[in-house]
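Descriptive analysis of the structure
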Amino acid sequence: MHTFDDIIAVIRTAHNAPEGPVPLHAPRFCGNEGDYVQQTIASTFVSSVGAFVDRFEAMLREATEARHVIATVNGTAALHMALLLAGVRHGDIVLTQAVSFVATCNAIAYCGAAPAFVDIDADTLGLSPDALRDFLHTRCERTAEGWRERASGRRIGACVPMHTFGHPCRIAALAEECARAGIPLVEDAAEALGSYGDGGRHAGTFGLFGTLSFNGNKIITCGGGGAILTDDPQLGPLAKHMTTTAKLPHRWLYRHDMTGYNYRLPNINAALGCAQLENLDAFVADKRDLAATYARAFAGLGVPFVVEPAKSRSNYWLNAILMDDATRRDAFLAASNDAGVMTRPVWEPLCDLPMYADCAHGPLTVTRDIAGRLVNIPSSVRGTAGAA
Ligand SMILES: *Cc1c(COP(=O)(O)O)cnc(C)c1O
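Residues numbered from 1 in each chain as written. Predicted model: local features only at pLDDT ≥ 70, side-chain atom pairs only at ≥ 80, totals over all residues. Heavy atoms only, no water.

1. With respect to unusual backbone geometry
The condition that has to hold: Per the convention used, a helix needs a DSSP run of H or I reaching at least four residues, while a strand needs a run of E reaching at least two, with both numbered from the N terminus.
For Glu65, which is not a glycine, the phi torsion comes out positive at approximately 60°. Topologically, Glu65 is positioned in the loop between helix H3 (51-64) and strand S1 (68-72). Of note in the backbone geometry, Phe165 takes a positive phi value of approximately 60° without being a glycine. With respect to the element layout, Phe165 can be found in the loop between strand S6 (156-160) and helix H7 (171-181).

Below you can see the structure in the form of structure tokens.
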């Protein structure tokens, strides 16, 4: 039987950190970051105008093969805008998972809609297409204007699965289910840049919209930033227009044709993002190597380690192990953090937060099991990866 010290030793060895603090996830700047940021300062174009935003969007189009990429100020704003443009309206219900960062539900709430929680799959930790079908067919009915939840009469405005820790959910099956039901699919791919689902397609490109985040703890960072992905020829340009105050192009006139949002990514943040993106492949390779090291060592100890789902390729943004129960989980969290190895439990299920506690939900068996046992362990890109 393994001890907590055995697990801590595996983490320290994998990070070549025999002593001192091991962070959960630190950003890594080893390329052109300083140079590009300095260029924006030298040019004075640090804010809403500048070449790095266009360059960042072009690099993301190439990386994801999405037809339209719109850089935004953060991932939450990207999700808010995607939901609005997907047609989510005041009073709607949006089907999502309770295992996620709070931003997923907040973006739904910003639209005046309410989340309804559907269970996740144990192998992907993402929204289960079976649970989605079950929720629709037991709690909802199809009407002339689409699906409605029977109890509240509220319209189902969208479905938002999340690719948890970078592991792709069963996204092709979800896309099929949503297409059949006529429900817009918006993928929260905040954690999944560099991850691929069924058929080798990039996460975030299966739905009407996908969204990314470049917060400081993600696989690459702009300091803060996000992006909207879509193939839709009308909604792509509209998303750009609406996130940039809906200003009509003119050399000196300030004229706006709708209530837009100031959700644009500043040029100085895009500059950081461009330099980071140049190292994306190296970062993903290092993370996959770290995960393979963890998988081998934890198999030897008999500790369950979360691996990428079948038919997918994960960026392994954040690694996770499963403890036997919540008591042992809590004891391990204390022991590891006391030892300077930063670990944390999975987010408190969103259905338990005060503002979402009254929302509708289906059975949440896997959600409850994961919420009580999962521990995230240090997952930073290591010192040798991605040198310029
Ligand atoms: C990081 C993250 C977001 C977006 O976060 P921002 O900090 O607004 O960029 C959204 N959803 C999930 C699941 C995330 O992990």
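2. Description of the pairing of strand S4 (residues 140-143)
Put simply, the rule reads: In this description, strands pair whenever DSSP reports at least two bridges between them.
When S4 meets strand S5 (residues 146-149), the two strands line up antiparallel, connected through four bridges. Counted as the bridge partner of Cys140 is Glu149 from S5. What sits between S4 and S5 in their antiparallel hairpin is a turn of two residues.

3. What to know about the domain arrangement of the protein chain
The figure often quoted for interface size is the accessible area lost as the parts come together. Under the convention used in this document: As used throughout, domain bounds are those supplied by an automatic or database domain assignment. Contact criterion: two residues are considered in contact whenever any of their non-hydrogen atoms come within 4.5 Å of each other. A simple way to read buried area is as the amount of 1.4 Å-probe accessible surface that goes missing from two parts once joined, with both sides added. The definition of a polar contact used here is a pair of N or O atoms within 3.5 Å, where within protein one atom must be able to donate a hydrogen and the other to accept one, and adjacent residues in sequence count solely through side-chain atom pairs. We call Asp, Glu, Lys and Arg charged. Ala, Val, Leu, Ile, Met, Phe, Trp, Tyr, Cys and Pro are nonpolar, and the rest, Gly among them, are polar.
One can read the domain layout of the protein chain as domain 1 (4-25 + 280-377) and domain 2 (33-277). Centre-to-centre, using C-alpha coordinates, domain 1 lies 25 Å away from domain 2. Each side of the interface is counted separately: domain 1 has 39 residues, and domain 2 has 44 residues. Carbon and sulfur atoms make up 66% of the surface buried where domain 1 meets domain 2, a total of about 3,400 Å² over both sides. Of all residues in domain 1, Leu280, Trp317 and Trp347 bury the most surface against domain 2, accounting for 21% of the area lost on that side. Connecting domain 1 to domain 2 are 21 residue pairs in polar contact (both at pLDDT 80 or more). Those elements that provide at least two residues to the side of domain 1 that touches domain 2 are helix H10 (280-301), helix H12 (365-373) and strand S12 (374-377). Grouping the amino acids of the side of domain 1 that touches domain 2 by side-chain chemistry returns 25 nonpolar, nine polar and five charged.

4. Observations regarding the packing of H3 against helix H9 (residues 267-277)
The criterion, for reference: Note on geometry: axes are C-alpha line fits, over the in-contact stretch for helices, and angles between N-to-C directions span 0 to 180 degrees. Definitions for this section: a left-handed crossing has its near helix turned counterclockwise from the far helix by less than a right angle. A right-handed crossing has that turn clockwise.
Remark: H3 packs on H9, axes separated minimally by 8 Å, with the N-to-C direction vectors making an angle of 35°. The interaxial crossing formed by H3 with H9 has left-handed handedness. Together, Ala51, Phe52, Val53, Arg55, Phe56, Met59 and Leu60 of H3 and Asn267, Ala270, Ala271, Gly273, Cys274 and Leu277 of H9 make up the contact between the two elements.

5. Some points on the sheet that holds strand S11 (residues 344-345)
Strand order in this open sheet of three strands is S10-S12-S11, and the pairing throughout is antiparallel. Among the strands making up the open sheet, the edge pair consists of strand S10 (319-322) and S11. Bridge count between S11 and S12: two bridges; the pairing is antiparallel. Considered in S12, the bridge of Pro345 is made with Val375. Running over the sheet, H12 touches S10 and S12 and is turned about 50° from S12.

6. Here we look at the pattern of salt bridges
So the rule is basically this: For salt bridges, the criterion is a side-chain nitrogen of Lys or Arg within 4 Å of an Asp or Glu carboxyl oxygen.
Here the structure, examined in full by the defined rule, presents 18 salt bridges. Where Arg55 meets Glu278, a salt bridge forms, and the shortest distance between an N and an O atom there is 3.9 Å. Placement of Arg55 in helix H3 and of Glu278 in the loop between H9 and H10 is noted, with a sequence separation of 223 residues between them. Residue Arg133 pairs with Glu177 through a salt bridge whose shortest N-O separation is 2.9 Å.

7. Examining the sheet that holds S6
The pairing of strands in a sheet happens through backbone hydrogen bonds and is either parallel or antiparallel. Here we have three strands laid out as an open sheet, ordered S3-S2-S6, and parallel in their pairing. Two strands close off the open sheet at either side, each with one partner strand: strand S3 (114-117) and S6. The mean angle between the axes of side-by-side strands here comes to 30°, regardless of whether they run parallel or antiparallel. Across four bridges, strand S2 (residues 93-96) lies against S3 in parallel orientation. Residue pairing in the sheet places Leu95 in a bridge with Ala116 of S3.

8. As for the environment of Cys178
For Cys178, the position within the fold is in helix H7. The sequence separation of Cys178 and Cys159 amounts to 19 residues, and the corresponding C-alpha distance is 7.5 Å. Once residues lying within four places of it in the same chain are set aside, the contact partners of Cys178 are Leu132, Cys159, Ile183 and Leu185.

9. What to know about the packing of aromatic side chains
Inclusion rule: When two rings of Phe, Tyr or Trp (its six-membered ring) have centres within 6.5 Å they constitute a pair, described as stacked for plane angles under 30 degrees, edge-to-face for angles over 60, and tilted for the intermediate range. Criterion for a charge above a ring: Lys NZ or Arg CZ within 6 Å of the ring centre, and within 35 degrees of the ring normal.
This model, assessed by the stated rule, comprises eight aromatic pairs. The structure contains a cluster of three or more aromatic residues connected by ring pairs, namely Tyr294, Phe298 and Phe305. Of note, Arg55 hangs over the ring of Tyr36, and the distance from its end group to the ring centre comes to 4.7 Å. A cation over an aromatic ring shows up here: Arg201 above the ring of Phe206, its NZ or CZ 4.4 Å from the ring centre.

10. Overview of the site of the ligand
Rules: Neighbouring residues are identified by heavy atoms, a residue being near a molecule or strand if any of them is within 4 Å of it. With residues, only the protein chains shown are counted as cover, and all accessible areas are computed by Shrake-Rupley using a 1.4 Å probe.
Of all residues adjacent to the ligand, which total 15 residues, the nearest are Gly75, Thr76, Glu191, Ser213 and Lys218. Gly75 places a polar main-chain atom, nitrogen or oxygen, 2.8 Å from an oxygen atom of the ligand. In this structure, an oxygen atom belonging to the ligand sits 2.6 Å away from a side-chain N or O atom of Ser213. Coverage of the ligand by the protein amounts to 92% of the 390 Å² it exposes when considered alone. Elements represented by at least two residues in the shell around the ligand include exactly helix H4 (75-85) and helix H5 (103-110). In the shell around the ligand, the residues fall into four nonpolar, eight polar and three charged.

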